[in-house]
Amino acid sequence: PIPVLRLEEGMSEEQLLAQEVALQDPRLQNDLRATDSGAPLRTEVFGVYPVRPADLTEATAACQQVPCYRVELFNFAYNLATIAFVDVQNKQVLAVVRSSDMQPDIPPALTRLAVAIAVNAPEVIEVLGAQPDAAAALMANTKTALSQTHCERSLHLCVAPTFVSGQRALWAIVDLT
């Protein structure tokens, strides 16, 4: 009923609760389906973190007294980051921030996917002269939109696992959208 890929890896009970409270909030559900057809849009929870000092505003002031989390979602179709600030003690969303054309830091599962795509890409194997080991991929979760690339033009979520070979480095641009 709520078409969102939830984050489960490495989550505490409190983080899981924050995620579920956030996903029940109608303000987060507005962007989960196409307006014309009602079809679900690819949306994923990218992270659930304790509220940071920089997150404290008038709306989130309660977080100075009670445990709060920032639940970060990414909507691939709209290239939209949505952050919900959740008071887990009172099980309520205090504030929601939507940021167009922005992507949160990617979760470990997407980093692993990007590396798997890169190390198995025929182009990478050809340039390096052999299939690289996954451990050789550096900065695999570094988001990129290199000028004049498909990723920049399409506003897709792209990362750049990097392989070093001698004095050269190969950026394998992986489109995760």
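For clarity, every value in this text was computed on a predicted model and none was experimentally measured.

Definitions and limits used
- Residues numbered from 1 in each chain as written.
- Predicted model: local features only at pLDDT ≥ 70, side-chain atom pairs only at ≥ 80, totals over all residues.
- Heavy atoms only, no water.
- Helix = DSSP H or I, 4+ residues; strand = E, 2+ residues; numbered from the N terminus.
- Buried < 20%, exposed > 50% of the residue type's maximum accessible area, 1.4 Å probe, protein only.
- Contact = heavy atoms within 4.5 Å.
- Salt bridge = Lys/Arg side-chain N within 4 Å of Asp/Glu carboxyl O.

Enquirer: Got a minute to help me understand the overall build of the chain in this structure?
Expert: Within the chain, the regular secondary structure consists of 5 helices and 8 strands. Secondary structure elements of the chain occur, N-terminal to C-terminal, as α-α-β-β-β-β-α-α-α-β-β-β-β. Taken over the C-alpha atoms alone, the chain extends approximately 55 × 40 × 25 Å along its principal axes. A buried classification covers 44% of the 177 residues belonging to the chain. The contacts in the chain between residues at least 6 apart in sequence include a share of 52% that link residues at least 24 apart.

Enquirer: How should I be thinking about the side chain of Thr60 in this particular structure?
Expert: Residue placement: Thr60 occurs in the loop between strand S1 (43–50) and strand S2 (68–75). Among all residues touching Thr60, those that are not within four sequence positions of it are Asp55, Phe85, Leu94 and Ala95.

Enquirer: Hey, could you run me through the pattern of salt bridges in this one?
Expert: One side chain can pair with another of opposite charge once the charged atoms of both are near each other. The tally for this structure, following the rule as stated, stands at 8 salt bridges. Here Glu9 and Arg112 are joined by a salt bridge, their closest N and O atoms 2.8 Å apart. Taken together, the residues Glu9 in the segment before helix H1 (13–24) and Arg112 in helix H3 (residues 108–120) connect sequence positions 103 residues apart. One network of salt bridges, in which partners are shared, links Arg52, Asp55, Arg70 and Glu72.

Note that all results are geometric; they support no functional claim without further evidence.
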